[in-house]
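Inside the fold
Chain by chain, the residues run as shown.
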Amino acid sequence: MKDVVCGVMRCAGSPNLANYFPILKFIDPQGILMQTKIYFGKLFAIFDEIIDGKLKSMGEKNDMADALIDMIHQRDEAELTRNDIKHLFLDLIVAGTDTTSNTAEWTMTELLRPGADAR
């Protein structure tokens, strides 16, 4: 899973010519869009395995995944689908990874700045 998340982050952080020249979006000259689709597919497959495992166990509600899966079964109260849960997991993992790496990068930059106190 670590490799897949790193691949998603690498694709998201790569400069893409199609962002600057929209006509190139359909050509995808660097292959970034294709790589991103592949990594998202792998990540969603991992999420499907997690959801299937939680559905099979259906024991005590221990974590957020169990609570979200329980909401799927309560159709009348919440309109939450399996696809919604997978995208929520994607947001949580990518945002958490990005925030952590950005914080570490900012901290190192501040420590390397001349006259910075490392207290």
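Everything that follows concerns the structure shown earlier in this document.
Definitions and limits used
Residues numbered from 1 in each chain as written. Predicted model: local features only at pLDDT ≥ 70, side-chain atom pairs only at ≥ 80, totals over all residues. Heavy atoms only, no water. Phe/Tyr/Trp six-rings, centres within 6.5 Å; stacked < 30°, edge-to-face > 60°. Helix = DSSP H or I, 4+ residues; strand = E, 2+ residues; numbered from the N terminus. Buried < 20%, exposed > 50% of the residue type's maximum accessible area, 1.4 Å probe, protein only. Core = buried A, V, L, I, M, F, W, Y, C linked by side-chain atoms within 4.5 Å. Contact = heavy atoms within 4.5 Å.

In this section: the packing of aromatic side chains. Taken as a whole and assessed by the stated rule, the structure comprises three aromatic pairs. When the ring of F47 is compared with that of F89, the centres are 5.6 Å apart and the planes differ by 70 degrees; the resulting orientation is edge-to-face. Taken together, the positions of F47 in helix α3 (residues 32–57) and F89 in helix α5 (residues 82–112) put the pair 42 residues apart, joining distant regions of the chain. You'll find F47 and F89 in the same group, each marked buried. Taken together, F40, F44, F47 and F89 form an aromatic cluster joined through their ring pairs.

Ranked by size, the top nonpolar core spans 20 residues in total, and within it L43, F47, I85 and F89 carry the most contacts. Going through the elements one at a time, α1 (2–13), α3, α4 (64–73) and α5 are the ones with two or more residues in this core. Per-element accounting of this core gives the leading share, seven residues, to α3. Apart from the residues within four sequence positions on either side, F89 is in contact with F47, I51, M64, A65 and L68.

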